[in-house]
Amino acid sequence: VFEGWENVTPFVLHHSSQFRPGPPYAVDRKKYTADFNEVKSLGGDDVTTPSARTADQTEIALFWWESSPLKWNRIARTVSADQGLTLWENARLFGLLNMALADGYIAMQDSKNHYNYWRPVTAIQTADTDGNPDTVGDPTWTPFRPTPANQDYASGHAIEGGAGAEVLKQFFGTDQISFRDCGRGLPAGSTCSDPTPVFRSFTSFSQAAVENAYSRILIGFHFRKSVEEGTEYGRKIGKRAANLYLRPVH
């Protein structure tokens, strides 16, 4: 669905490649090997593929396993209510947030198409032919949840988290605002729609963005390089949106 999305006209970016990160790791580098082994160890489904995830890490993987715009709009609604924003303040907050999130997906696909880098599921299953003697392949390796059908780099989920967190930080003038949120990807009985949902608590927007990015390693979708670069990519988009657009007239 996103294949041609890099050609959509952005709201706040000059063009889809404005903040494109540098390249991902070459597969023969030690840093790639470390990222490879991390997601291989933690990102399996624990059925076909054993996983070293703890119970809390499994919760993190599923907690963030939902649409990023829905998640970050829900977080913004919670914080808006806690902070007592007016109708006009909300109009600006949600305008900025959703322009940044929209541009995040446009920027994401530019990067994915430009680098065309493989996902962990492909890399791990075919590692014995990747030219790196330190990576060990597993043809049956299965991620925790089915991998989305586009490229690894950079992680769209992480871009959205960085953009959402940065807009909220810039809008409120501080990163240090505590909040909690539920998740729609959690097991039945503990989702946002259930009578007793499971909540995770955060002391800052950045903390939430970091956990959001980490969740994509734990669910088996991305390498660490992809989520770290993605989060920073999103922060740049969010900062540009909040500092240049929908500014107060006085």
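So what about the pattern of salt bridges? Which residues, and what values?
Oppositely charged side chains may form a pair once their charged atoms are brought near each other. With the rule as written, the count across this model stands at 12 salt bridges. We note a salt bridge from Arg-200 to Asp-56, for which the minimum N-O separation is 3.0 Å. Note that Arg-200 is positioned in strand E2 (residues 200-202) and Asp-56 in helix H2 (residues 55-63), a separation of 144 residues in sequence. Here Glu-229 ties to Lys-225 by a salt bridge, and the two come within 3.1 Å at their closest N and O atoms. Here Lys-225 and Glu-229 lie together in helix H8 (residues 224-244), a separation of 4 residues that amounts to about one turn. Relative accessible area serves as the criterion here: at 16%, Lys-225 is assigned to the buried category. Linked by salt bridges that have partners in common, Asp-56, Glu-59, Arg-200 and Glu-211 make up one network.

Outline the side chain of Arg-92, listing residues and values.
Inspection of the secondary structure puts Arg-92 in helix H4 (residues 87-115). Among buried Asp, Glu, Lys and Arg side chains, Arg-92 stands out as unpaired, with Glu-89 the closest opposite charge at 8.5 Å. With residues near it in sequence (within four places) discarded, Arg-92 still touches Phe-171, Ala-242, Tyr-245, Leu-246, Arg-247 and Pro-248.

Account for unusual backbone geometry, with residues named and values stated.
Most peptide bonds take the trans configuration, and most residues that are not glycine carry a negative phi. Residues Tyr-153 and Ala-154 are joined by a peptide bond in cis, for which omega reads 0 degrees. Mapped onto the elements of the fold, Ala-154 is located in the loop between helix H5 (120-125) and helix H6 (156-172). The phi torsion at Asp-46 lies on the positive side, around 65 degrees, for a residue other than glycine. Assignment of secondary structure puts Asp-46 in the loop between helix H1 (30-42) and H2. A relative accessible area of 46% places Asp-46 in the partly exposed class. In the Ramachandran plot, Asn-116 falls in the positive-phi region, its phi being about 50 degrees despite a non-glycine side chain. When you line up the elements, Asn-116 lands in the loop between H4 and H5.

An account of the nonpolar core is requested, with residue identities and associated values reported.
Core analysis: the biggest nonpolar cluster contains 45 residues, and Trp-64, Trp-72, Leu-93, Leu-168, Phe-172, Phe-205 and Ile-237 have the highest contact counts within it. Sorting the residues of this core by element identifies H2, helix H3 (68-83), H4, H6, helix H7 (205-218) and H8 as the ones contributing at least two each. Sorting elements by how many residues they give to this core places H4 first, with 10 residues. In this structure, Leu-93 is in contact with Ala-76, Ser-80, Leu-85, Leu-168, Phe-171 and Phe-172, ignoring residues within four places of it in sequence. In terms of nonpolar packing, the next biggest core, distinct from the first, is built from 16 residues, Val-39, Tyr-117, Ala-123 and Tyr-153 among them.

Conventions and cut-offs
Residues numbered from 1 in each chain as written. Predicted model: local features only at pLDDT ≥ 70, side-chain atom pairs only at ≥ 80, totals over all residues. Heavy atoms only, no water. Salt bridge = Lys/Arg side-chain N within 4 Å of Asp/Glu carboxyl O. Helix = DSSP H or I, 4+ residues; strand = E, 2+ residues; numbered from the N terminus. Buried < 20%, exposed > 50% of the residue type's maximum accessible area, 1.4 Å probe, protein only. Lys, Arg positive; Asp, Glu negative; His and termini not counted. Contact = heavy atoms within 4.5 Å. Core = buried A, V, L, I, M, F, W, Y, C linked by side-chain atoms within 4.5 Å.

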